[in-house]
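# Examining the three-dimensional arrangement
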Amino acid sequence: MTRVLSCIQPTGEVHLGNYLGALRNWVIGQDKADVFHGIVDLHALTVTEKPGVLGANTLQLAAMLFAVGLDPDIATVFVQSHIVEHSQLGWIMECTVSFGELSRMTQFKDKSAKREAEFVSAGLFTYPALQAADIVLYDANEVPVGDDQRQHIEITRDIAIRFNHRFGETFVIPKAVTPASGARVMDLQNPTAKMSKSGDDDSGVIYLLDTPAAIEKKFKRAVTDSDSEVVFDRERKPGISNLLEILAASTNTTPQKAAESYTRYGDLKSASAQAVIAMLSPIQAKYDELLRDKAELMRLIHKGNDRARAVASATLERAHKSIGFLGCN
Ligand code: TRP
């Protein structure tokens, strides 16, 4: 069966764009392939300087992954820092990638430029080597990623091919695949930009844990377009099209079909809010239940970790043997 790996950083609250764009497809995907989902806290450490934050975020993200429907009996949900093999293979990957290759990564250039006045860790620079380790540790065949991560999968392939060439066949060569297309959810206040938690102003961002009142308020204030026609046309009517896309994704229809039922912006806004509230309410209930019983939540996490570790440790051992470290053969 195809092994598919996706990873997510525990860097903050999950929002509607994450859910409708990606997480919901992870849930569908668990019945089609052998899926591994890493919560990559070591990656988040590249930009974390406060104690306690990563652990809390990781626990909440794990609860959210189970709450949206990942089934711990079939999907392998694991925490990166709990599987020491990531750091160990990460170093080996660092020695298999060149300074020049890492220097060409556009994400590093963007992120380091944005952190101009802040601490730019060496980890931010070597990050792709750790990501390569994440991927090859699990013999992943496919890694579904957006365009921003394609370069990191390319470099992973280059590193894995180089290692195999230097030390003998060891790693499965992964390929980037386009994720099953989810909804494209834009910021309610700025409907030409993707919904994202990175902006300072999050009045256009719906979080999965928002209360019904907060959701209603955000939809009520959503930016619409100048005329008053309800049609799906992203170019001409980005605000209304975004509401239609969200409403359609939340009620399993198409934006075009959803448009047929509305003539007034106000009605569309409240229908979208209600659809999102109805969709999120069982997820929130499950999330609360999971966080109320931390022992059970930890049991689910450890279950995923154990499965992940079994695969990862076998791969690391293979790599050590290929290199020929003393005593490995
Ligand atoms: N770099 C990815 C991101 O920023 C996260 C990530 C880390 C990842 N390791 C991975 C994604 C392995 C896919 C596979 O979103």
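Read on for a plain summary of the structure. These numbers were taken from a predicted model, which means no experiment stands behind them.

### Re the environment of Ile301
For Ile301, the location among the structural elements is in helix α13 (residues 294-323). Among the residues examined, Ile301 registers a relative accessible area of 4% and is labelled buried. Placed 58 residues apart in sequence, Ile301 and Leu243 show a C-alpha to C-alpha distance of 35 Å. Not counting chain neighbours up to four residues away, the residues in contact with Ile301 comprise Leu59, Ala62, Phe66, Val77 and Val79.

### Brief notes about the packing of aromatic side chains
Counted under the stated rule, the structure contains 6 aromatic pairs. Judged by centre distance (4.9 Å) and plane angle (75 degrees), the rings of Phe108 and Phe125 are edge-to-face. Of this pair, Phe108 sits in helix α6 (residues 106-114) while Phe125 sits in helix α7 (residues 122-137); the two residues are 17 residues apart in sequence, bridging distant segments of the chain. Seen from their ring centres, Phe163 and Phe167 are 4.9 Å apart, and the 50 degrees between their planes marks the pair as tilted. With Phe163 and Phe167 both in helix α8 (residues 147-167) and 4 residues apart, this pair spans about one turn of that helix. Residue Phe163 is classed as buried on the basis of its relative accessible area of 0%. Three or more aromatic residues link up through ring pairs in this structure, and these residues are Phe36, Phe78 and Tyr138.

### What to know about the nonpolar core
Ranked by internal contacts, the top residues of the largest apolar core, which has 60 residues, are Leu16 and Phe219. When residues in this core are grouped by element, the largest group, 11 residues, is from helix α12 (residues 265-292). No fewer than three residues from each of domain 1 (3-182 + 294-323) and domain 2 (212-288) sit in this core. Those residues in contact with Phe219, other than ones at most four positions away along the chain, are Leu188, Ile206, Leu243, Ile246, Lys269, Ser272, Ala273 and Val276. Within the second largest apolar cluster, 34 residues are counted, among which are Phe108, Ala133, Ile135 and Ala308.

### Details of the pattern of salt bridges
Scanning the model with the defined rule gives 16 salt bridges in all. Here Asp227 and Arg236 are joined by a salt bridge, their closest N and O atoms 4.0 Å apart. Salt-bridge contacts for Arg299 lead to Glu296; the nearest nitrogen and oxygen are separated by 3.0 Å. Taken as a pair, Arg299 and Glu296 lie in helix α13 at a separation of 3 residues, close to a single helical turn. The exposure class assigned to Arg299 is partly exposed, which follows from its relative accessible area of 45%.

### A look at the site of the ligand
Within the structure, the ligand sits among Leu5, Cys7, Gln9, Val40, His43, Tyr127, Gln131, Asp134, Ile135, Val143 and Gln149. Take Gln131: an N or O atom from its side chain is 2.9 Å from a nitrogen atom of the ligand. Calculation on the ligand without its partners gives an accessible area of 360 Å², and the protein chains cover 88% of this total. Elements supplying a minimum of two residues to the shell around the ligand: β1 (3-8) and α7. For the shell around the ligand, the element with the most residues is α7, which contributes 4 residues.

### Some remarks on unusual backbone geometry
Phi at Asp139 takes a positive value of approximately 50 degrees, unusual for a residue other than glycine. Here Asp139 is to be found in the loop between α7 and β4 (142-144). Backbone geometry at Asn252 places phi at a positive 55 degrees, although glycine is not the residue there. With respect to the helices and strands, Asn252 occurs in the loop between α10 (238-251) and α11 (255-260). For Asn252, a relative accessible area of 68% corresponds to the exposed category.

About the cut-offs
Residues numbered from 1 in each chain as written. Predicted model: local features only at pLDDT ≥ 70, side-chain atom pairs only at ≥ 80, totals over all residues. Heavy atoms only, no water. Helix = DSSP H or I, 4+ residues; strand = E, 2+ residues; numbered from the N terminus. Buried < 20%, exposed > 50% of the residue type's maximum accessible area, 1.4 Å probe, protein only. Contact = heavy atoms within 4.5 Å. Phe/Tyr/Trp six-rings, centres within 6.5 Å; stacked < 30°, edge-to-face > 60°. Core = buried A, V, L, I, M, F, W, Y, C linked by side-chain atoms within 4.5 Å. Domains from an automatic or database assignment. Salt bridge = Lys/Arg side-chain N within 4 Å of Asp/Glu carboxyl O. Near = heavy atom within 4 Å. Polar contact = N/O pair within 3.5 Å; in protein donor to acceptor, adjacent residues only side chain to side chain. Areas by Shrake-Rupley, 256 points an atom, 1.4 Å probe, with all protein chains shown as cover.

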